[in-house]
Amino acid sequence: MPEIEGMIAATGLSPLIRCSVITTDLGLISAFVERWHRKTSTFNLPVGELTITLDDMASLLHVPITGALHTFEPLVTSDMIGLLTKLLEVSHEEATFETRQAGGPHVRLGWLWDLYESECRAR
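Residues numbered from 1 in each chain as written. Predicted model: local features only at pLDDT ≥ 70, side-chain atom pairs only at ≥ 80, totals over all residues. Heavy atoms only, no water.

1. A few points about the side chain of T99
Here is step 1: Mapped onto the elements, T99 comes out in helix α6 (residues 92-102).
Here is step 2: When its relative accessible area of 3% is taken as the criterion, T99 is described as buried. (Helix = DSSP H or I, 4+ residues; strand = E, 2+ residues; numbered from the N terminus. Buried < 20%, exposed > 50% of the residue type's maximum accessible area, 1.4 Å probe, protein only.)

Below, the structure is given as structure tokens:
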């Protein structure tokens, strides 16, 4: 979507657009989602703890790591609902319910996963 591409280009991360990884292995994605620990930004795997570093990003994705990435303005719930309805094409009611469940202008990873699975089934 042009709106998202513009935001990505503004951060200097345009190489990521060409680096899209399309996978139909929902089990693999689900395994990583289940092992992600938000507070520590790590994956807890059976072989140990894994952290993806900036150096990993630079080496694997050829993304330049220089300076501050981006300064984000805080989102208000009404703006988040607008983004969800526009970019994820969910209903206003569904977006409102999700932001209430998440306790503000946030979404739960499980909800995004459910959307992804339903979209895959629709294809």
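So much for the structure itself; the text now carries on.
2. Some details on a nonpolar patch on the surface
Here is step 1: On the surface, L88, L109 and L112 cluster together into a nonpolar patch covering about 230 Å² of accessible area.
Here is step 2: Following the sequence through the fold, L112 ends up in helix α7 (residues 109-122). (Patch = residues over 30% accessible without salt bridge, like charges linked within 9 Å, V, L, I, M, F, W, Y side chains within 5 Å. Areas by Shrake-Rupley, 256 points an atom, 1.4 Å probe, with all protein chains shown as cover. Salt bridge = Lys/Arg side-chain N within 4 Å of Asp/Glu carboxyl O.)

3. Describing the pattern of salt bridges
Here is step 1: Applying the stated rule across the entire model yields one salt bridge.
Here is step 2: A salt bridge links E98 to R108; the nearest nitrogen and oxygen atoms lie 2.6 Å apart. Taken together, the positions of E98 in helix α6 and R108 in the loop between α6 and α7 put the pair ten residues apart, joining distant regions of the chain.
Here is step 3: Overall, R108 belongs to the partly exposed group, its relative accessible area being 36%.

4. Focus: unusual backbone geometry
Here is step 1: In the Ramachandran plot, E89 falls in the positive-phi region, its phi being about 55 degrees despite a non-glycine side chain.
Here is step 2: In this structure, E89 sits in the loop between α5 (77-87) and α6.

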